[in-house]
Amino acid sequence: MKDRVYIFDTTLRDGEQSPGASMNTEEKIKIASQLQRLGVDIIEAGFAAASPGDFDAIKRICEVVDRSVVCSLSRAVERDIVLAGESLQGARRKRIHTFIATSPIHMEHKLKMKPDEVVRRAVDAVKLAKSFTDDVEFSCEDAGRSEIPFLKEILDAVIEAGATTLNIPDTVGYRLPQEMGALIKELHEHVGERAIISVHCHNDLGLAVANSLFSVMNGARQVECTINGLGERAGNAALEEIVMAMKTRYDVFYNVETGINTKEIYPTSRLVSAITGIEPQPNKAIVGKNAFAHESGIHQDGMLKCQETYEIMRAEDIGLEHNRLVLGKHSGRHAFKERLEELGFELTKEELEKAFERFKTLADKKKEIFDDDIRMLIASEITNIPQAFELVGLQIADCSAGVPSAAVTIRHSERTITDAGIGDGTIDAIFKTIDRISGHAGVLKDYRVEAVSQGKDALAKVVVNVQFDGSKTAVIGHGLSIDTMLASAKAYIGALNSYLSMLPSDCKIDSCEGV
Ligand code: KIV
Ligand code: ZN
């Protein structure tokens, strides 16, 4: 009998703490559904007390996730725990994850609390969490720099209070693999069968995956990780690397198994990068663009003779099929729907109609449509966010000699409005004109463009990060088009719609009055 290593995914919580990775509720729902398809045991859906938006996203995720456990994070504070409990009310399977710092440096400088007080707070937090669910996880924040006797003391106390999973985070990514292994061994021997030991490793020294694997070798039976290694600062341990290391080196990890369907790794990675706009580096293990590419002649020759000369895993095992040529402009609705199902998308009738319409428009302009084009179309263009503003037309003046200018036509509240403006460049002219028409002033924090799939007629994917109306929170917008300027305008309007969808309804002033 093999032991199960539970995979706890925190892409939607710690991953969202990556600069520029904030996601709206609809996007989080798409990712949560895909994480469930991937076979993740526990989905940390957010930090309920962080904002009404986070609370709402957790609630909505509970409505669509029915196999994985949905988890809500909370500090060891009464209000946080109550909100976490309330956010999970609709979940089929739920967990509250509560934490407090245990390292001398955090207790003295951040919490300004004595160790005894920290233990009391942890116990109270776990007891309160238990009134909402039996499944309670407790984390000793900065365990990697905490004293082992104190860790044992607080773990004993929270087990007594009802904690069922004990998480040992290396919050600042400080430990070396053999040190992390030794820490987990000692705590595992101390805790025994009383609770599951979990680890949560950050990647500040590039050791998060190694530290997680050493922890599993020494008794950890839950690993916290994220897709593409997203997360605070240098990120968290990458789910895909941990899972594939355990699968590929089954000679070492022969006594454990995960419930992950590895063929869903690549689609999940693509979805997360499409939504967050953060691409894994090309040489990133498992999901980087070059992870299965063989450039040198000697390697290519070896591969042709025997694949295993230079490959320890098969691309198919992570669901990476060579970008098959898919449908063309003569393809019908039925073929399109089947292809979507093969790619793992389950759309409602209405979403399917919308997607098919976009596909047809694309197929009119682009000869060859690849799987990645379709994935991107679904991830970034099919949205349930109310489209307060919709791009109807865009005209760019020849900017080779004169001042860059753009004429933009937008539909809003059943009216069609056209305006034109100038800027320091064409993109600047487009964005300024959209600001003027909508009455919402945006500050562009980030702008990225890249080609989806291959060919001169490849789709341009634009991702923007914008702060509107002086808000401190930047929202992400995506745009997809054969034309980069059009993709930019769509992305900017997407960000604006996302911003408006997050405002309380009485704040959605009709700013177009008088335009
Ligand atoms: O890094 C950390 O310590 C955390 C905890 C909240 C688990 O993210
Ligand atoms: Zn963390």
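From a predicted model like this one, the values you see are computed outputs, not experimental measurements. (Residues numbered from 1 in each chain as written. Chains lettered and ligands numbered in written order. Predicted model: local features only at pLDDT ≥ 70, side-chain atom pairs only at ≥ 80, totals over all residues. Heavy atoms only, no water.)

Draft legend 1. How the structure looks around the environment of Gln281. For Gln281, the position within the fold is in the loop between helix H10 (265-276) and helix H11 (297-305). For Gln281, a relative accessible area of 46% translates into the label partly exposed. Taking the C-alpha atoms as reference, Gln281 lies 9.4 Å from Asn228; in sequence the two are 53 residues apart. When neighbours within four sequence positions are excluded, Gln281 is seen to be in contact with Gly288 and Lys289. A distance of 3.1 Å separates a polar atom in the side chain of Gln281 from a polar atom in the side chain of Asn283. (Helix = DSSP H or I, 4+ residues; strand = E, 2+ residues; numbered from the N terminus. Buried < 20%, exposed > 50% of the residue type's maximum accessible area, 1.4 Å probe, protein only. Contact = heavy atoms within 4.5 Å. Polar contact = N/O pair within 3.5 Å; in protein donor to acceptor, adjacent residues only side chain to side chain.)

Draft legend 2. View of the site of ligand 1. Near ligand 1, the surroundings consist of Arg13, Asp14, His97, Phe99, Ser139, Glu141, Asn167, Pro169, Thr171, His200 and His202. With respect to ligand 1, the side chain of Arg13 contributes an N or O atom lying 3.0 Å from an oxygen atom. In this structure, an oxygen atom belonging to ligand 1 sits 3.1 Å away from a side-chain N or O atom of Asp14. Taken together, the elements giving at least two residues each to the shell around ligand 1 come down to strand E5 (94-101), strand E6 (136-141) and strand E7 (165-170). (Near = heavy atom within 4 Å.)

Draft legend 3. Representation of the packing of aromatic side chains in the model. Applying the stated rule across the entire model yields seven aromatic pairs. A ring pair is formed by Phe336 and Phe359, whose centres lie 4.6 Å apart and whose planes are at 25°; its orientation type is stacked. Placement of Phe336 in helix H12 (residues 333-342) and of Phe359 in helix H13 (residues 349-365) is noted, with a sequence separation of 23 residues between them. As far as burial versus exposure is concerned, Phe336 and Phe359 are alike and both buried. An angle of 15° between the planes, with centres 4.2 Å apart, marks the rings of Phe431 and Tyr492 as stacked. Separated by 61 residues along the polypeptide, Phe431 in helix H15 (residues 426-438) and Tyr492 in helix H16 (residues 484-502) bring together distant segments of the chain. Comparing Phe431 with Tyr492, the two get one shared label, buried. (Phe/Tyr/Trp six-rings, centres within 6.5 Å; stacked < 30°, edge-to-face > 60°.)

Draft legend 4. Focus on the sheet that holds strand E13 (residues 415-422). Strand order in this open sheet of three strands is E11-E12-E13, and the pairing throughout is antiparallel. A single partner strand is all that each edge strand has here, and the edge strands are strand E11 (389-396) and E13. With direction set aside, neighbouring strand axes in the sheet form an average angle of 20°. Sheet analysis places E11 next to strand E12 (residues 405-412), joined by seven bridges and oriented antiparallel. Across the sheet, Leu391 pairs through a bridge with Ile410, a residue of E12. This element, H16, spans E11 and E12 of the sheet and lies at about 155° to E11. (Pairing = 2+ DSSP bridges. Axes fitted to C-alpha atoms, helices over the stretch in contact; angles between N-to-C directions.)

Draft legend 5. Seen up close, the confidence of the model for the chain. For the chain, the mean per-residue pLDDT works out to 91, and 95% of the residues sit at or above 70. This model gives residues 506-515 a pLDDT under 50, and the stretch forms 19 contacts once residues within four places in sequence are excluded. (pLDDT = per-residue confidence, 0-100.)

Draft legend 6. The packing of helix H5 (residues 115-130) against helix H6 (residues 148-161), seen in detail. Between H5 and H6, the shortest axis-to-axis distance is 9 Å and the interhelical angle comes to 25°. Judged by the inter-axis angle, H5 sits roughly parallel to H6. Crossing handedness for the pair H5 and H6: right-handed. Listed contacts from H6 to Pro115, Asp116, Val118, Val119, Ala122, Val123, Val126, Lys127 and Lys130 of H5 are Phe150, Glu153, Ile154, Ala157, Val158 and Ala161. Counted by class, the contact of H5 with H6 contains 11 nonpolar, no polar and four charged residues. (Parallel < 35°, antiparallel > 145°, perpendicular 65-115°, else oblique. Left-handed = near helix turned anticlockwise from the far one by under 90°. Nonpolar A, V, L, I, M, F, W, Y, C, P; charged D, E, K, R; others polar.)

Draft legend 7. Here's a closer look at the packing of H6 against helix H7 (residues 177-191). The geometry of H6 relative to H7 is characterised by a closest axis approach of 11 Å and an angle of 40° between their N-to-C directions. Classified by the angle their axes make, H6 and H7 are oblique. By crossing handedness, the relation of H6 to H7 is classed as right-handed. The residues of H7 that touch H6, namely those facing Ile148, Leu151, Lys152, Leu155, Asp156 and Ile159, are Leu183, Glu186, Leu187, His190 and Val191. Residue composition of the contact of H6 with H7, grouped by class: seven nonpolar, one polar and three charged.

Draft legend 8. Highlighting the domain arrangement of the chain. If you check the domain split of the chain, you get domain 1 (3-276), domain 2 (292-321), domain 3 (324-382) and domain 4 (390-511). Using only C-alpha atoms to locate each centre, domain 1 and domain 4 end up separated by 37 Å. Contacts between the two partners involve nine residues from domain 1 and, on the opposite side, seven residues from domain 4. For the domain 1 and domain 4 pair, buried surface summed over both sides reaches about 610 Å², with 40% attributable to carbon and sulfur atoms. (Domains from an automatic or database assignment. Buried area = accessible area lost by both parts, 1.4 Å probe.)

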